Amino acid sequence: MVYYLIALIVFLVDQGTKYLIATRLELGEQIPVIKDFFIITSHRNQGAAFGILQGQQWFFVVVTVIVVSGIVWYLNKAKATRKLLPTALALVLGGAVGNFLDRLLNGEVVDFLMFNFGSYTFPIFNVADSCIVIGVGLIILDTLLDMKSGEEINEVKETREVKEGNE
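Residues numbered from 1 in each chain as written. Predicted model: local features only at pLDDT ≥ 70, side-chain atom pairs only at ≥ 80, totals over all residues. Heavy atoms only, no water.

**Student:** So what exactly am I meant to see when it comes to the UniProt feature "active site" (unreviewed entry) in the protein here?
**Tutor:** Per the UniProt record, "active site" (unreviewed entry) is found at D111 and D129. Spanning 19 residues, the annotated positions come together in the fold, the maximum distance between their C-alpha atoms being 8.9 Å. Note on placement: D111 falls in strand β3 (residues 109–117). Owing to a relative accessible area of 2%, D111 belongs among the buried residues under this scheme. Looking at the secondary structure, you find D129 in helix α4 (residues 127–166). When neighbours within four sequence positions are excluded, D129 is seen to be in contact with N99 and D111. (UniProt positions renumbered as here; feature names shortened; annotations may be inferred. Helix = DSSP H or I, 4+ residues; strand = E, 2+ residues; numbered from the N terminus. Buried < 20%, exposed > 50% of the residue type's maximum accessible area, 1.4 Å probe, protein only. Contact = heavy atoms within 4.5 Å.)

Rendered as structure tokens:
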């Protein structure tokens, strides 16, 4: 249950920040936060990450329904045995639902976090995008830790087998 609360908090923070940007800033308006490095701006994205697949809203709706269904199923399965993985899935779930609602209701996603690295501007993103990326990173970390634990278990098992064979 706590993992669904995490997803809900992600969703509410995402929707709240998007609402503030959409209602308080004109499209394209920019507010420098840290000089030219970090800027709050009002931007709309009809595509996926980095602006790919522009105008493919129904594709995103179908894919998101499948992904969210899979996350909910796996979250219910994984939460009893692990801690990091369900937290990661909750972050992805909250972010996916946040962007899904935008696409479903408006046909586009409100993005507003802009970072410049010299002459390079990183693609503008939002809270949902951030949580999805962090969640996927934690899923990868959980997988790596799980693989390492599996190796340690095998090493202990092999050590026991060698000791038993010598006795």
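**Student:** Explanation requested: helix α3 (residues 84–106) in the structure shown.
**Tutor:** Three- or four-residue spacings in an α-helix give side chains the same orientation, since the helix completes a turn every 3.6 residues. Spanning 23 residues, α3 covers 33 Å between terminal C-alpha atoms, matching the ideal 33 Å at 1.5 Å per step. With its phi angle positive at about 75°, G107 sits one or two positions after the end of α3. (Expected span 1.5 Å × (residues − 1).)

**Student:** Even after reading the chapter, I still don't get the side chain of D111, so can you show me in this structure?
**Tutor:** No salt bridge is formed by the buried D111, whose closest oppositely charged neighbour, K18, lies at an N-O distance of 6.3 Å. A distance of 2.8 Å separates polar atoms of two side chains, one belonging to D111 and the other to N126. Those residues within four positions of D111 in sequence are excluded, and the remaining contacts are T41, S42, H43, N45, I124, F125, N126 and D129. (Lys, Arg positive; Asp, Glu negative; His and termini not counted. Salt bridge = Lys/Arg side-chain N within 4 Å of Asp/Glu carboxyl O. Polar contact = N/O pair within 3.5 Å; in protein donor to acceptor, adjacent residues only side chain to side chain.)

**Student:** I'm lost on the packing of helix α2 (residues 57–78) against α3 in this one. Help?
**Tutor:** Two measures define how a pair of helices packs: the angle their axes make with one another and the distance between the axes. One way to put it is that α2 packs onto α3 with a least axis distance of 9 Å and a crossing angle of 155°. One element, α2, and the other, α3, form an angle in the roughly antiparallel class. α3 is crossed by α2, and the crossing has left-handed handedness. Note on element contacts: α3 touches α2 through L85, P86, L89, V92, L93, A96, V97, F100, R103 and L104, opposite Q57, F60, V61, T64, V65, V68, I71, V72, Y74, L75 and A78. Classifying every residue of the contact of α2 with α3 gives 18 nonpolar, two polar and one charged. (Axes fitted to C-alpha atoms, helices over the stretch in contact; angles between N-to-C directions. Parallel < 35°, antiparallel > 145°, perpendicular 65-115°, else oblique. Left-handed = near helix turned anticlockwise from the far one by under 90°. Nonpolar A, V, L, I, M, F, W, Y, C, P; charged D, E, K, R; others polar.)

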